[in-house]
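Structural overview for review
Each chain, letter by letter, is given below.
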Amino acid sequence: MTHISRDNSQQFASDNYSGICPEVWAAMAEANHGHATAYGDDPWTQRASDLFREVFEADCEVFFAFNGTAANSLALASLCQSYHSVICSNTAHVETDECGAPEFFSNGSKLLTAPTQDGKLTSDAIRALATSRKDIHFPKPRAVTITQSTETGRVYRVDEIAALSETCRELGLHLHMDGARFSNALLGAGCTAAEMTWKAGVEVLCFGGTKNGMAIGEAIVFFDHALARDFDYRCKQAGQLASKMRFLSSPWIGMLETGAWRRNAEHANTCARHLCTAIQGLQHAQIMFPVEANAVFLLTDEGRLQQLRERGWRFYTFIGGGARFMFAWDTDLARVDQLSRDIRDIMA
Ligand SMILES: *Cc1c(COP(=O)(O)O)cnc(C)c1O
């Protein structure tokens, strides 16, 4: 086979720079024997779905999609008619990074964005948007989506989610959770998967596998069977039904059965806390948000960001102009130490 030359030094611009964790790789290899029925009617898909029901301690319905954009968009489309609207934070991935897919797959449901300081939606913000208009000329609010952990690396506590869902119930809104980093949030919060979702009033969860150590794949978890009606057709029509489904579902067996999903998230979160601790009290930079999951955001001037780039570091600055560092299941702590030394050199 052709040898592809590569630079093996880790970068922390995104947690999806990482590869596939060994438990997932092994589960895919295990599934790669012989033939199996296509389109999800196979024992791996059955087993993976059962594992979700164990993890969530609920009789939930589970679907598998190739990526988070599809999972979020199809989940929101299942909650809305085309004349409805969805309330989200102004920094929400569905608003800023999905190329209009939620609107596209819902045939036009409009996203209503709430300004937020730190990416977290509040009951007041939801209420303000949901009650801003009552007339026929405005798309009727029908759902709220929250990101757990947020795009700013923050985690909604269980009591905060319960308060949001109480507001949603009062206003007749469904509650969806974009859990692209659900595992990181869960380990950050130290509660159970059930407590963070259906027990707090979340009706649909998009559970991210990719950033936590899978090659591809997100699971859509419905805690209310009525909302899942015909969702299989929606997935198929959107090009999200894998014919060799066992390779989309078996990675979840590797994750959930071995506990890798928790270990991976815990490691990524530990790396973020490690960097945060190492760069406290800098004179020329501040950590922008409390570090509660696997992200660290560092605010400084453009000159110092450029110096960091010149030392070979890659990062994005799309949230508030700060440098974002994201850690993954395989992050090397020695490499995090190199980063923190360079940051201190430039910003102390
Ligand atoms: C990465 C991510 C997604 C999924 O993105 P895809 O590239 O479509 O897989 C969804 N929501 C959030 C908050 C993300 O960070």
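1. A few points about the packing of helix α6 (residues 123–130) against helix α7 (residues 158–171)
Where α6 contacts α7, the axes come no closer than 9 Å and their chain directions differ by 20 degrees. By the criterion of interaxial angle, the relationship of α6 to α7 is roughly parallel. In this structure, the crossing between α6 and α7 has a hand that is right-handed. Residue-level inspection shows Ser123, Ile126, Arg127 and Ala130 of α6 in contact with α7, the latter providing Ala163, Leu164, Thr167, Glu170 and Leu171.

2. Comments concerning the sheet that holds strand β1 (residues 61–65)
Ordered by their spatial adjacency, 7 strands build an open sheet running β1-β7-β6-β5-β4-β2-β3, and the pairing between neighbours is mixed. Looking along the sheet, the strands with just one partner apiece sit at the ends: β1 and β3 (110–114). Direction aside, neighbouring strands of the sheet carry axes that sit 25 degrees apart on average. Pairing between strand β4 (residues 140–147) and strand β5 (residues 174–179): 5 bridges, direction parallel. Its bridge partner lying in β5, Val144 is registered against Leu175. The sheet strands contacting α7 are β4 and β5, and the helix crosses β5 at an angle near 145 degrees.

3. A short note on the site of the ligand
In the vicinity of the ligand, the contacting residues are Asn67, Gly68, Thr69, Asn72, His93, Glu98, Thr147, Glu151, Asp178, Ala180, Arg181 and Lys211. Between the ligand and the protein, one listed contact pairs an oxygen atom with a backbone N or O atom of Gly68 at 2.9 Å. Between an oxygen atom of the ligand and a side-chain N or O atom of Arg181, the distance comes to 3.1 Å. In terms of residue class, the shell around the ligand is built from 1 nonpolar, 6 polar and 5 charged.

About the thresholds
- Throughout this description, residue numbers start from 1 for each chain and increase along the sequence as written.
- Whole-chain, interface and lining totals are the exception, using all residues; otherwise, since this is a predicted model, local features are given only for residues with pLDDT of at least 70 and side-chain atom pairs are given and counted only at 80 or more.
- Only heavy atoms go into the side-chain values, all of them from the structure, while hydrogens and water stay out.
- Interaxial angles span 0 to 180 degrees and are taken between N-to-C directions of axes, which are lines fitted to C-alpha atoms, for helices over the stretch in contact.
- Runs of E in the DSSP output that reach at least two residues are strands. Runs of H or I that reach at least four are helices, and both are numbered from the N terminus.
- Roughly parallel refers to an angle under 35 degrees, roughly antiparallel to one over 145, roughly perpendicular to one between 65 and 115, and oblique to any angle outside these ranges.
- The crossing is said to be left-handed when, going from far helix to near helix, the turn is anticlockwise and less than a right angle, and right-handed when the turn is clockwise.
- In this description, contact between two residues means that some pair of their heavy atoms is separated by no more than 4.5 Å.
- Should DSSP find at least two bridges between two strands, the strands are regarded as paired.
- Nearness here has a simple test: a residue counts as near a molecule or strand if at least one of its heavy atoms is within 4 Å of that partner.
- Polar contacts here mean pairs of N or O atoms no more than 3.5 Å apart (in protein, one a potential hydrogen donor and the other a potential acceptor; neighbouring residues in sequence count only if both atoms are side-chain atoms).
- Any residue outside Ala, Val, Leu, Ile, Met, Phe, Trp, Tyr, Cys, Pro, Asp, Glu, Lys and Arg is labelled polar, Gly included; the first ten of those are nonpolar and the last four are charged.

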